[in-house]
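Chain by chain, the residues run as shown.
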Amino acid sequence: MKNNPTNPEKKLLLPPAGTVEVVPSILSADFAKLANEIAEVEAAGVKAVHLDIMDGHFVPNITFGPPIVKKLRKYSSLVFDTHLMISDPETYGPQFIEAGSNHISFHIEATDQPGKLIETFHSLGATAGVTINPETPIQAIEEIACLCDMILVMTVHPGFGGQSFMADTAKKIIRLREIVGPDIRIEVDGGIDANTAPIVVSYGADTLVAGNAVFSKPDREVAINAIKNSIK
Ligand code: DX5
Ligand code: ZN
């Protein structure tokens, strides 16, 4: 991963950009046994889990907050890739880092100071990056793209798991990869499975969030391998 000057120690711990990683989203897991669900995908060999944080304001749904992350931290050594779908990342981002999140993704639509936020999260020991909604053009993040450790491109409207992949939106990844070059991770989130993974990887994504395609399946290892094998 790129040696970002404001985060020289590189604490994200995901492998360098370019290696494709499947990152299960626990949004589709059984919330009553989250630690076990995470342990299962950890045993299947993933390096990170995706934590979807929703506030009922930025998106019309509510999930969980820092206290749950803090509890989960005790049960897993995976990278906690934390996707803040919330209106006030300035206030709550640091609380998630304090609770054990390694990477923070915040929405460009939720802040007017993205560069400052990235710096703050780096100074607190996390890696950081922006997320863009389907209707937001790449131009909105062009200026700060290269400050990010990882950029998250939504291929569904945020708020719910199990939605259909938006094929046109995914094409934004092609331009984004041209802008950031090979050293910054591009993550894609929404409707990723063994059918859509090859498409986004061909566009330049290297970090594949998969909720429904992993946690709705009885054997998570088989489900993860199906996605991995689809891009070989
Ligand atoms: C949607 C979330 C996603 C969600 C993806 O708002 O950001 O991370 O879990 O779920 P799937 O993979 O089921 O589309
Ligand atoms: Zn997400």
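What you see as residue numbers is a count from 1 along each chain, following the sequence as written. Chain labels run from A onward and ligand labels from 1 onward, assigned in the order the entries are written. In keeping with the model being predicted, local features are shown solely for residues with a pLDDT of at least 70 and side-chain atom pairs are shown and tallied solely at 80 or more, while totals for entire chains, interfaces and linings include all residues. Heavy atoms throughout the structure, all of them, feed into the side-chain values; hydrogens and water do not.

Draft legend 1. Highlighting the state of the cysteines. Cysteine sulfur atoms that come within 2.5 Å of each other are treated as a disulfide pair. Under the counting rule described, the total for this entry stands at zero disulfides. Cys 146 takes part in no disulfide bond, and the closest cysteine sulfur to it belongs to Cys 148, at a distance of 8.3 Å. Per-residue accessibility, obtained with a 1.4 Å probe over protein chains only, is compared with the maximum for each type, and a residue is labelled buried under 20%, exposed over 50%, and partly exposed between these values. Given a relative accessible area of 35%, Cys 146 falls into the partly exposed group.

Draft legend 2. Summary view of the site of ligand 1. Around ligand 1, the surrounding shell holds 20 residues, and the nearest of these are Ser 25, Asp 52, Gly 159, Asp 189 and Gly 211. A distance of 2.8 Å separates an oxygen atom of ligand 1 from a polar backbone atom of Gly 211. In protein, a polar contact means a hydrogen-donor-capable atom and an acceptor-capable atom, both N or O and within 3.5 Å, with residues adjacent in sequence counting only if both atoms are side-chain atoms; elsewhere, any N or O pair within 3.5 Å suffices. One of the backbone nitrogen or oxygen atoms of Asn 212 is found 2.9 Å away from an oxygen atom of ligand 1. Each accessible area is a Shrake-Rupley result for a 1.4 Å probe, and residues are judged covered by the shown protein chains and nothing else. Computed on the free molecule, ligand 1 has an accessible area of 380 Å², of which 99% lies beneath the protein chains in the complex. When residues are sorted by character, Ala, Val, Leu, Ile, Met, Phe, Trp, Tyr, Cys and Pro go into the nonpolar class, Asp, Glu, Lys and Arg into the charged class, and all the rest, Gly among them, into the polar class. In terms of residue class, the shell around ligand 1 is made up of eight nonpolar, ten polar and two charged. The rule for a residue being near a molecule or strand is that one of its heavy atoms must lie within 4 Å of it.

Draft legend 3. Just the sheet that holds strand 8 (residues 207-210), in detail. One open sheet accounts for eight strands, arranged 1-8-7-6-5-4-3-2; its pairing is parallel. Whereas interior strands pair on both sides, the edge strands pair on one side only; in this sheet they are strand 1 (21-24) and strand 2 (48-54). Taking the axes of each pair of neighbouring strands and ignoring which way they run, one obtains an average angle of 25 degrees across the sheet. Any two strands with at least two DSSP bridges between them are considered paired. Counting from the N terminus, the helices are the DSSP runs of H or I reaching at least four residues and the strands are the DSSP runs of E reaching at least two. Two elements, strand 3 (residues 79-85) and strand 4 (residues 103-107), share four bridges in a ladder whose sense is parallel. Paired with Thr 82 across the two strands is Ile 104, which belongs to strand 4. Convention adopted: a line fitted to C-alpha atoms gives each axis, helices being fitted over their contacting stretch, and angles between N-to-C directions are expressed from 0 to 180 degrees.

Draft legend 4. Representation of the coordination of the zinc ion (ligand 2) in the model. Listed donor atoms are N, O and S within 2.8 Å of the metal (Na, K and Ca: 3.2 Å). As water is not included, a site may look incomplete. Around the zinc ion (ligand 2), the donor atoms from the protein are His 50 (NE2), Asp 52 (OD), His 83 (ND1) and Asp 189 (OD), and they sit 2.1 to 2.3 Å away. Here a site with four donors is tetrahedral if all angles are between 85 and 135 degrees, and a site with four or six donors is square planar or octahedral if opposite donors are over 155 degrees apart and the other angles are between 65 and 115; anything else gets the irregular label. Considering all six donor atoms around the zinc ion (ligand 2), angles at the metal cover 71 to 169 degrees and the coordination shape is octahedral.

Draft legend 5. Expanded view of the nonpolar core. Core analysis: the largest hydrophobic core is formed by 58 residues, its most contacted members being Ile 26, Ile 151 and Val 200. We call two residues in contact whenever any of their non-hydrogen atoms come within 4.5 Å of each other. Non-local contacts of Ile 151, meaning those with residues more than four positions away in its chain, are made with Val 130, Ile 141, Ala 145, Leu 176, Val 180, Ile 184, Arg 185, Ile 186 and Glu 187. By nonpolar core is meant a set of buried Ala, Val, Leu, Ile, Met, Phe, Trp, Tyr and Cys residues that side-chain atoms within 4.5 Å join together.

Draft legend 6. Inspection of the pattern of salt bridges at higher detail. By salt bridge we mean one thing: a side-chain nitrogen of Lys or Arg within 4 Å of a carboxyl oxygen of Asp or Glu. A full pass over the atoms with the stated rule returns eight salt bridges. Two residues, Arg 220 and Glu 37, come together in a salt bridge whose shortest N-O distance is 2.7 Å. Separated by 183 residues along the polypeptide, Arg 220 in helix 9 (residues 220-230) and Glu 37 in helix 1 (residues 34-43) bring together distant segments of the chain. Relative accessible area serves as the criterion here: at 9%, Arg 220 is assigned to the buried category. Residue Glu 37 is classed as buried on the basis of its relative accessible area, which comes to 3%. Connected through shared salt-bridge partners, Glu 37, Glu 40 and Arg 220 make up one network.

Draft legend 7. Structural context of the environment of Glu 109. When you line up the elements, Glu 109 lands in the loop between strand 4 and helix 4 (114-123). Once residues lying within four places of it in the same chain are set aside, the contact partners of Glu 109 are Phe 58, Thr 131, Ile 132, Asn 133 and Thr 136. Side chain to side chain, Glu 109 and Thr 136 meet in a polar contact 2.6 Å long.

Draft legend 8. Spotlight on the pairing of strand 5 (residues 127-132). Burial runs high along strand 5: six of the six residues are buried. Viewed with both strands pointing away, a crossover whose connecting path from the first strand over the helix to the second turns clockwise is right-handed. You can see the chain leave strand 4, run along helix 4 and come back into strand 5, and the turn it takes is right-handed. As paired strands, strand 5 and strand 6 (residues 150-154) are joined by two bridges and run parallel to one another. Each residue of the ladder has a partner; that of Ile 132, found in strand 6, is Val 153.

Draft legend 9. Here's a closer look at the pairing of strand 4. Among the five residues in strand 4, five count as buried, and that is most of the element. Burial along strand 4 is two-sided: His 103, Ser 105 and His 107 and Ile 104 and Phe 106, pointing in opposite directions, are all buried. In this region the chain leaves strand 3, passes through helix 3 (residues 89-99) and returns to the parallel neighbour strand 4; the handedness of that crossover is right-handed. Taken together, the five bridges between strand 4 and strand 5 define a ladder with parallel strand orientation.

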